[in-house]
Structure formats: C-alpha cells, structure tokens
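What follows is each chain in one-letter form.
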Amino acid sequence: MSKILGRYYETGTIKPKAIGGSKPRVATQDVVNKIADYKNECASIFAWEIRDRLLQDRVCKEDTVPSVSLIKKDTNKTKNSQA
C-alpha cells in the first residue's frame, strides 16, 4: 500500500510503470522555462502544485509531465544558477 501511495505522490497516478529498461522522463527546455516562470510568480509554490499547473495549463500531457522529484531538481538547479 505504501508503494502505491508513494507512486501517487511522485507521479499523480497509481498506474504501474514499465518494468526495466525505461528511460527517465526528461523535462524539455520549454517545461523547465515554465517551471521557472511559476517559481518567479510564487517562490513558495510546491513541486506538486507546479506539476498540477503544468497539466492544467496544458504545457504537458499526463504521460509526459515530469515527476515531483524531477521538478524539485529543476527548481534547485534554477535557484543555484541564479545565486
């Protein structure tokens, strides 16, 4: 049960992922720029909120939206490059 909840937290779905050999999702430059825009609008926005906005604004589709952990990494890179 905890694995299912963890998957839902990370991906927003409980659908199983492909077993082995799958490539991790990589955010395109457009998605990275949009994430940076969201962070500029509201610096305290959570990664899961960014993920929801990417879907809501139709920047990404359900199967191409980056995971919460990838969004966290992208926001940390953006924050460190601006410092």
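Nothing here was measured: the structure is a model prediction, and the numbers come from that model. (Residues numbered from 1 in each chain as written. Predicted model: local features only at pLDDT ≥ 70, side-chain atom pairs only at ≥ 80, totals over all residues. Heavy atoms only, no water.)

Quick look at the overall build of the protein now. If you tally the helices and strands in the protein, you get 4 helices and 0 strands. Going from N to C terminus, the protein has its helices and strands arranged as α-α-α-α. A total of 83 residues make up the protein; the buried ones form 24% of that total. In the protein, once contacts between residues fewer than 6 apart in sequence are set aside, the share between residues at least 24 apart is 45%. Working note: accessible area of the protein is about 6400 Å², and carbon and sulfur atoms make up 55% of it. (Helix = DSSP H or I, 4+ residues; strand = E, 2+ residues; numbered from the N terminus. Buried < 20%, exposed > 50% of the residue type's maximum accessible area, 1.4 Å probe, protein only. Contact = heavy atoms within 4.5 Å. Areas by Shrake-Rupley, 256 points an atom, 1.4 Å probe, with all protein chains shown as cover.)

Attention now goes to the side chain of Arg51. The topology assignment puts Arg51 in helix 3 (residues 47–56). A polar side-chain atom of Arg51 sits 3.2 Å from the main-chain carbonyl oxygen of Pro66. (Polar contact = N/O pair within 3.5 Å; in protein donor to acceptor, adjacent residues only side chain to side chain.)

Another point: the nonpolar core. Counting 13 residues, the largest nonpolar core has Val31, Ile35, Tyr38, Ile50, Leu54, Cys60 and Ile71 as the members making the most contacts within it. Discounting chain neighbours no more than four positions away, the residues touching Leu54 are Val31, Lys34, Ile35, Tyr38, Val59, Cys60, Val65, Pro66 and Ile71. (Core = buried A, V, L, I, M, F, W, Y, C linked by side-chain atoms within 4.5 Å.)

Running from N to C, helix 2 (residues 29–41) and helix 3 cross one another at 120°; their axes reach a closest spacing of 11 Å. Put simply, helix 2 runs oblique to helix 3. The element helix 2 and its partner helix 3 pack so that their crossing is right-handed. Listed contacts from helix 3 to Val31, Lys34, Ile35, Tyr38, Lys39 and Glu41 of helix 2 are Ile50, Arg53 and Leu54. (Axes fitted to C-alpha atoms, helices over the stretch in contact; angles between N-to-C directions. Parallel < 35°, antiparallel > 145°, perpendicular 65-115°, else oblique. Left-handed = near helix turned anticlockwise from the far one by under 90°.)

One pass over the full model with this rule turns up 1 aromatic pair. Between the aromatic rings of Phe46 and Trp48, the centroid separation amounts to 6.3 Å while the plane-to-plane angle is 10°, which identifies the pairing as stacked. Taking the relative accessible area as the measure of exposure, Trp48 reaches 42% and is therefore partly exposed. (Phe/Tyr/Trp six-rings, centres within 6.5 Å; stacked < 30°, edge-to-face > 60°.)

Peptide bonds are trans in most cases, and residues, glycine excluded, mostly fall at negative phi. Of note, Arg58 is a non-glycine position whose phi angle comes to about 60°, a positive value. Mapping Arg58 onto the fold places it in the loop between helix 3 and helix 4 (68–82). Residue Arg58 is classed as exposed on the basis of its relative accessible area, which comes to 74%.

Time to look at helix 2. With 13 residues, helix 2 should cover 18 Å at 1.5 Å per step; its first-to-last C-alpha distance of 18 Å lies within 8% of that length. For helix 2, the complete set of buried residues consists of Val31, Ile35, Ala36 and Tyr38. The buried residues of helix 2 occupy an angular sector of 160° when the element is viewed end-on, so they sit on one face. When the buried face of helix 2 is taken as reference, the exposed residues oriented beyond 90 degrees from it are Gln29, Asp30, Asn40 and Glu41. (Expected span 1.5 Å × (residues − 1). Arc of directions from axis to C-beta.)

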